[in-house]
Amino acid sequence: MKFLTTNGRGILLCLVIAIPAWILGTLFPIIGGPVIAILLGMLLAIPLKEKGSMAPGIQFTSKKILQWAVILLGFGLDLTVVLKTGQQSLPIILCTITVSLLIAFLLYKVLPIPAKSATLIGVGSSICGGSAIAATAPVINADDEEVAQSISVIFFFNVLAAIIFPILGNFLGFSTTSGEGFGIFAGTAVNDTSSVTAAASTWDSMWGLGSATLDKAVTVKLTRTLAIIPIVLVLAFLQAKRGQKESGQKVKLRTIFPFFILYFILASLITTIAVSLGVDASVFSPIKTLSKFFIVLAMAAIGLNTDIVKLVKTGGAPLALGACCWIGITVTSLLMQHVLGLW
């Protein structure tokens, strides 16, 4: 009862935003529920400057429910399938992640952009868009405005990729009788799952390939998702070292360790073991759906805590960083496929 008294109003407000955002996201998948939720939250935040009794619930949703979303995301990972696909796509994935993170680091030194925003954009571009940002944000103590800005940048280039990549793939001469080449390209070079799905489905429709491209792209995308684990653990270690240096006191690992990542791994193992024992993977679909809704719910809270005017005024440098990461990943993916003889 105390929890509901403290957090109930804020969570309810987030739900009021998240439910229509979720519905609109299903109608317009190229945009997606998380982005719509952030936009609605930011617009509502303009007249609602004082959150009052709703503030604790909004804070709880933007932090804790975001972590729960990442944990539940693990139920969408059958590690057997992911590792099998990874044998082919892993070199490309490793190179695209490395290039994106290097670009983010180098441009952070040049552009007027906060370190946490640069980290979120670099990780979001290289791994899996909003899910990677959701996993990284609590580890580096990013505030809601930094998360909102990073999600917005990732969204912009997701939409561009979904529209441009099928045209680019045709121009570059990807096979039109097999979805493998373009599927790997979409799975390694597009940030968010919804946009990967949109680009791959378009290619399937263009050449009558059924769902061959989509199946390949989504599996490669799931392989990329596993990179969340080492990236988050490394960032947690670096955050601890930074905190120790600034405070002059030893930081205990258990106080900064992202335990929700361990639960994410556990969820993945449960799915893998269950499927290997004959359980249909579709059993986990409702949990995966709940994970996606929790992300939308958390994004609504993040939108409520974001100053849209400030976001627009400071958006130039993050957008430039996102563009460079996006171009770098695209070129690296194409180059690696060519080197490996996949295209």
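The notes below deal with the structure included here. Everything numeric here is computed off the predicted structure, so don't read it as measured data. (Residues numbered from 1 in each chain as written. Predicted model: local features only at pLDDT ≥ 70, side-chain atom pairs only at ≥ 80, totals over all residues. Heavy atoms only, no water.)

1. Points about the side chain of aspartate 78
Turning to its location among the elements, aspartate 78 is positioned in the loop between helix H3 (55–73) and helix H4 (79–110). The buried charged residue aspartate 78 lacks any salt bridge partner; its closest oppositely charged side chain belongs to lysine 288, at an N-O distance of 10 Å. Not counting the four nearest positions on each side in its chain, aspartate 78 is found in contact with Thr271, Thr272 and Val275. (Helix = DSSP H or I, 4+ residues; strand = E, 2+ residues; numbered from the N terminus. Buried < 20%, exposed > 50% of the residue type's maximum accessible area, 1.4 Å probe, protein only. Lys, Arg positive; Asp, Glu negative; His and termini not counted. Salt bridge = Lys/Arg side-chain N within 4 Å of Asp/Glu carboxyl O. Contact = heavy atoms within 4.5 Å.)

2. Section: the side chain of serine 333
Its place among the elements puts serine 333 in helix H16 (residues 316–339). The exposure class of serine 333 is buried, given its relative accessible area of 0%. Here the side chain of serine 333 touches threonine 188 through a polar contact of 2.7 Å, side chain to side chain. (Polar contact = N/O pair within 3.5 Å; in protein donor to acceptor, adjacent residues only side chain to side chain.)

3. Some thoughts on a nonpolar patch on the surface
A surface patch of nonpolar side chains, amounting to about 770 Å² of accessible area, comprises Ile19, Ile23, Leu24, Leu27, Phe28, Ile31, Leu40, Leu43 and Ile46. Mapped by element, the contributors of at least two residues to the nonpolar patch are helix H1 (2–27) and helix H2 (33–45). Here the nonpolar patch takes 4 residues from H1, the largest share from any one element. Structurally, the position occupied by isoleucine 46 is in the loop between H2 and H3. (Patch = residues over 30% accessible without salt bridge, like charges linked within 9 Å, V, L, I, M, F, W, Y side chains within 5 Å. Areas by Shrake-Rupley, 256 points an atom, 1.4 Å probe, with all protein chains shown as cover.)

4. As for the environment of glycine 122
Here glycine 122 is to be found in helix H5 (residues 115–126). Glycine 122 sits 182 residues away from leucine 304 along the chain, and the two C-alpha atoms are 24 Å apart. Aside from chain neighbours lying at most four places away, what touches glycine 122 is Ser100, Leu101, Ala104 and Cys325.

5. Remarks on the state of the cysteines
Working definition: the covalent bond between the sulfur atoms of two cysteines is a disulfide. Evaluated as defined, the whole model comprises 0 disulfides. Of all cysteine sulfurs, the one in cysteine 325 lies closest to cysteine 324, which takes part in no disulfide; the gap is 7.1 Å. Its relative accessible area of 34% is what places cysteine 324 among the partly exposed residues. (Disulfide = S-S within 2.5 Å.)

6. Thoughts on the packing of aromatic side chains
Throughout the structure, instances matching the rule amount to 14 aromatic pairs. Seen in terms of ring centroids, phenylalanine 3 and phenylalanine 60 are 5.0 Å apart; in terms of plane orientation they differ by 75°. Their pairing is edge-to-face. Residue phenylalanine 3 is located in helix H1, and its partner phenylalanine 60 is located in helix H3; the two are separated by 57 residues in the primary sequence. For phenylalanine 60, a relative accessible area of 16% gives the class buried. Plain terms: the ring middles of phenylalanine 60 and tryptophan 68 are 5.7 Å apart, the flat faces sit at 80° to each other, and that makes the pair edge-to-face. Given a relative accessible area of 40%, tryptophan 68 falls into the partly exposed group. One aromatic cluster is present, built from ring pairs that chain together Phe156, Phe157, Phe165, Phe174, Phe182, Phe185, Trp203, Trp207 and Trp326. (Phe/Tyr/Trp six-rings, centres within 6.5 Å; stacked < 30°, edge-to-face > 60°.)

Everything listed here is a matter of geometry and, on its own, says nothing about what the molecule does.
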